[in-house]
Amino acid sequence: MALRPVQVNIKAVDGLAVGRFWGEALGWSVFSPGVTTYVGPGGGRVWPEPVGLGIDVVPVPEPKTSTKNRLHLDLATTSATHQADLIARLRSLGATPVDVGQGDVPWTVLGDPEGNEFCVLEPREIYRDTGPIAAVVVDCVDPRGMARFWGEAMDWDVLEVSDDQASLRSAAGVGPYLEFLRVPGVKAVADRVHLDLMPYPGDDKAAEVERLKGLGARDLDLGQGDVPWTCLVDPEGHEFCVLAGSLP
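The structure presented is a predicted model; accordingly, all values stated were derived computationally and were not measured.

Colleague: Tell me about the overall build of the protein chain, and name the residues and values.
Modeller: Along the backbone of the protein chain there are four helices and 16 strands. Expected size for 248 residues packed as a compact globule is a radius of gyration near 18 Å; at 17 Å, the protein chain falls within 12% of this value. Taking the principal axes of its C-alpha atoms as reference, the protein chain extends roughly 50 × 45 × 35 Å. Residues classed as buried in the protein chain amount to 49% of the 248 residues present. Once local pairs closer than 6 in sequence are excluded, the contacts in the protein chain between residues at least 24 apart make up 64%. Taking the 21 positively charged and 36 negatively charged side chains of the protein chain as two groups, their mean positions are separated by 1 Å.

This is the structure we're talking about:
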């Protein structure tokens, strides 16, 4: 048994506006069939995405605090001109520069219209075939430990592991990477960005949740009540959800 990530969940006060921003940023379509706003590749709403990850923006009443999210997106570019043009376009859509202590680096750190941090990377060969999202990046204390947990939790391959970073990617070699970067300090506050996972056809969600707990996940009570998804945290406290249903 294994799960696959199906979307990045972003909390926002104005979910529709933030969803529209990410749709424009990635060149994807925006769908708002109910409470949440879903952003995915064009050509009609397909959920979950058969390849890659969508974005689901969920409205919440509380604005983001000044604390940096421990999960963010890295956007891919193909040339220096593409990087500069993308940054300018994102700024025109409402993104703002963010200083997270990055210093003089070849990538640019921005915040979406509600301050959720993301990076626009300089061209890198490793991300040439990922699509607009190069990687989902998670700050952590122990990349090796995170690679062990998430490598067992999901069906993605563990590609690189060191004391400072680890990376995973779909076994099909498509879509973004999931990367864990070592940072000082432990997680202290709830994130506004997290991953949502889903079982495969024929797999039992409850059994998958118990399997994750055996790997070190813990229950998370956000006051969600009786809902069809299950909220958990990984061994370092990063929130994630296991959704009901199965892939087609």
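Colleague: Describe the packing of helix α3 (residues 143-153) against helix α4 (residues 205-215), naming the residues involved and giving the relevant values.
Modeller: For any two helices packed against each other, one specifies the crossing angle of their axes together with the interaxial distance. Direction vectors running N to C along α3 and α4 enclose 160 degrees, while the axes themselves pass 10 Å from each other. Put simply, α3 runs roughly antiparallel to α4. As for the relative orientation of α3 and α4, their crossing is right-handed in sense. Judged by residue contacts, Phe149, Glu152 and Ala153 of α3 engage Arg211, Leu212 and Leu215 from α4. Within the contact of α3 with α4, the residues separate by chemical class into four nonpolar, no polar and two charged.

Colleague: Account for the sheet that holds strand β15 (residues 230-233), naming residues and giving values.
Modeller: Across the sheet, eight strands lie side by side as β2-β3-β4-β1-β13-β16-β15-β14; this open sheet has mixed pairing. Among the strands making up the open sheet, the edge pair consists of β2 (29-31) and β14 (218-219). As judged from the three bridges shared by strand β3 (residues 37-40) and strand β4 (residues 54-59), these two strands associate in the antiparallel manner. Within β4, the residue paired with Tyr38 across the bridge is Asp56.

Colleague: For the packing of helix α1 (residues 15-26) against helix α2 (residues 80-93), give the residues involved together with the corresponding values.
Modeller: Where α1 meets α2, the axes come as close as 10 Å, and the angle between the chain directions of the two elements is 160 degrees. By the angle between their directions, the pair α1 and α2 is classed as roughly antiparallel. Note that α1 runs across α2; the crossing there is right-handed. Residue-level inspection shows Phe21, Glu24 and Ala25 of α1 in contact with α2, the latter providing Leu86, Arg89, Leu90 and Leu93. For the contact of α1 with α2, the per-class residue count stands at five nonpolar, no polar and two charged.

Colleague: How would you summarise the nonpolar core if you had to cite specific residues and measurements?
Modeller: Judged by nonpolar contacts, the single largest core of 48 residues is most densely connected at Val8, Trp22, Ile55, Leu90, Phe118, Trp150 and Leu178. Every residue in contact with Leu178, bar those within four places of it in the chain, is listed here: Val136, Val138, Trp150, Met154, Trp156, Ala166, Ser167, Leu168 and Leu195. Val98, Cys119, Val137 and Tyr177 belong to the second largest nonpolar core, which has ten residues in total.

Colleague: Account for the pairing of strand β9 (residues 133-140), with residues named and values stated.
Modeller: Counting buried residues in β9 gives eight out of eight residues, a clear majority hidden from the surface. Here five bridges tie strand β5 (residues 71-75) to β9, and the two strands are oriented antiparallel to one another. Pairing of Leu75 across the sheet is with Ile133, part of β9. Sheet topology note: the β9/strand β12 (residues 177-182) ladder contains six bridges and is parallel.

Colleague: An account of the state of the cysteines is requested, with residue identities and associated values reported.
Modeller: As enumerated under the stated definition, the model contains zero disulfides in all. Distance from the sulfur of Cys119, which forms no disulfide, to the nearest cysteine sulfur (Cys140) is 15 Å.

Colleague: Tell me about the pattern of salt bridges, and please be specific about residues and values.
Modeller: According to the stated counting rule, one finds twelve salt bridges in the structure shown. As a salt-bridge pair, Arg144 and Asp163 come within 2.7 Å of each other at their nearest N and O atoms. On the criterion of sequence distance, the pair formed by Arg144 in helix α3 and Asp163 in the loop between β10 (157-161) and β11 (165-169) is long-range, its members being 19 residues apart. With relative accessibility at 35%, the residue Arg144 sits in the partly exposed group. One salt bridge connects Asp164 with Arg182, and the closest N-O pair in it is separated by 3.6 Å. Taken as a pair, Asp164 in the loop between β10 and β11 and Arg182 in strand β12 lie far apart in primary sequence, 18 residues in all. By relative accessible area, Asp164 is classed as partly exposed at 48%. Look at Arg182 and you get exposed, because its relative accessible area is 52%.

Colleague: Tell me about empty space enclosed by the protein, and please be specific about residues and values.
Modeller: Across all of its chains, the model carries two cavities of 30 Å³ or more by this definition. Estimated volume of the largest cavity: approximately 50 Å³. Surrounding the largest cavity, Leu71, Val138, Trp150, Leu178, Phe180, His194, Leu195, Asp234, His238, Glu239 and Phe240 form its lining. Its boundaries defined by the atoms lining it, the second largest cavity holds a volume of some 40 Å³. Of all the elements, β5 adds the most residues to the lining of the second largest cavity, at three residues. In the lining of the second largest cavity, the residues fall into six nonpolar, two polar and one charged.

Conventions used here
Residues numbered from 1 in each chain as written. Predicted model: local features only at pLDDT ≥ 70, side-chain atom pairs only at ≥ 80, totals over all residues. Heavy atoms only, no water. Helix = DSSP H or I, 4+ residues; strand = E, 2+ residues; numbered from the N terminus. Rg over C-alpha atoms; globule rule 2.2 N^0.38 Å. Buried < 20%, exposed > 50% of the residue type's maximum accessible area, 1.4 Å probe, protein only. Contact = heavy atoms within 4.5 Å. Lys, Arg positive; Asp, Glu negative; His and termini not counted. Charge placed at Lys NZ, Arg CZ, Asp CG, Glu CD. Axes fitted to C-alpha atoms, helices over the stretch in contact; angles between N-to-C directions. Parallel < 35°, antiparallel > 145°, perpendicular 65-115°, else oblique. Left-handed = near helix turned anticlockwise from the far one by under 90°. Nonpolar A, V, L, I, M, F, W, Y, C, P; charged D, E, K, R; others polar. Pairing = 2+ DSSP bridges. Core = buried A, V, L, I, M, F, W, Y, C linked by side-chain atoms within 4.5 Å. Disulfide = S-S within 2.5 Å. Salt bridge = Lys/Arg side-chain N within 4 Å of Asp/Glu carboxyl O. 1 Å grid on protein atoms, 1.4 Å probe; cavity = no way out; pocket = protein on both sides within 12 Å on 5 of 7 lines; lining within 4 Å. Points joined across faces, edges and corners; volume = space filled by probe spheres on them.

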